[in-house]
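One letter stands for each residue in the lines below.
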Amino acid sequence: VDLLQATDASVFEAMLERVRPELLIIGPMYKMVGVDLKDEDTARALTKRLDEWRTKYGFAVIIESHQPHVIHTDKERYRPMRVYGASLLMRWPEFGICLQDGGKLSHWRGPRDERNWPERLYWGKDWPWETGGKPVCVQCGQELVGEQKRYCSTECGAAWRQAKVRAKRRLV
């Protein structure tokens, strides 16, 4: 998909017209265009198109974006907590939130409005992620303890993966 090409953009906009979402969750951002988002003109064209659609169809949007590669210095190694691409992409969103290891959320830009954001996301049962409360097993709902990230046991992990495989086969 290249949202800057007329054909792809018209197909995508027709979907927006038909579905009329309240919330559009899309990404990753680097796959929305056919060229590198480091180019300021490309980033500007993409953000302009998304803003036009957001205004015209009245939806909120969450966009997955990736961070730049790890930076190595003499003293440290770190991953910048910002979006990959032209500097415009760091100024454009109302909120810039980084999902860190363990589901911790941190802001990489100052918010333009006050909102009550969760401190952390957990693997979910009905959605891929959930907020608040204590993390629970995605298969059985039992509370996770210690180092458990998604399943309370290897049996629940295996059962969950089997259910996904069976569901995928039904779609084919």
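Above this text is the structure in question.
This is a predicted model, so every value here is computed, not measured.

Caption draft 1: Representation of the packing of aromatic side chains in the model. Tallying each qualifying case throughout the model produces three aromatic pairs. Ring centres of Phe95 and Trp117 lie 5.1 Å apart, and the angle between their planes is 65°; this geometry places the pair in the edge-to-face category. With Phe95 in the loop between helix 3 (88-91) and strand 5 (97-99) and Trp117 in the loop between strand 6 (105-107) and strand 7 (121-123), this residue pair connects regions lying 22 residues apart in the sequence. A relative accessible area of 36% means that Trp117 is categorised as partly exposed.

Caption draft 2: Geometry of the pattern of salt bridges. Inspection of every chain in the model, using the stated rule, returns nine salt bridges. Residue Arg91 pairs with Glu40 through a salt bridge whose shortest N-O separation is 3.4 Å. Placement of the pair is Arg91 in helix 3 and Glu40 in helix 2 (residues 40-57), with a sequence separation of 51 residues. Glu94 is paired through a salt bridge with Arg54; the nearest N and O atoms lie 3.2 Å apart. Here Arg54 lies in helix 2 and Glu94 lies in the loop between helix 3 and strand 5, a separation of 40 residues in the sequence. Under the relative-accessibility criterion, Arg54 is labelled partly exposed at 24%. Among the charged side chains, a network of salt bridges with common partners joins Glu40, Asp41, Arg44 and Arg91.

About the thresholds
Residues numbered from 1 in each chain as written. Predicted model: local features only at pLDDT ≥ 70, side-chain atom pairs only at ≥ 80, totals over all residues. Heavy atoms only, no water. Phe/Tyr/Trp six-rings, centres within 6.5 Å; stacked < 30°, edge-to-face > 60°. Helix = DSSP H or I, 4+ residues; strand = E, 2+ residues; numbered from the N terminus. Buried < 20%, exposed > 50% of the residue type's maximum accessible area, 1.4 Å probe, protein only. Salt bridge = Lys/Arg side-chain N within 4 Å of Asp/Glu carboxyl O.

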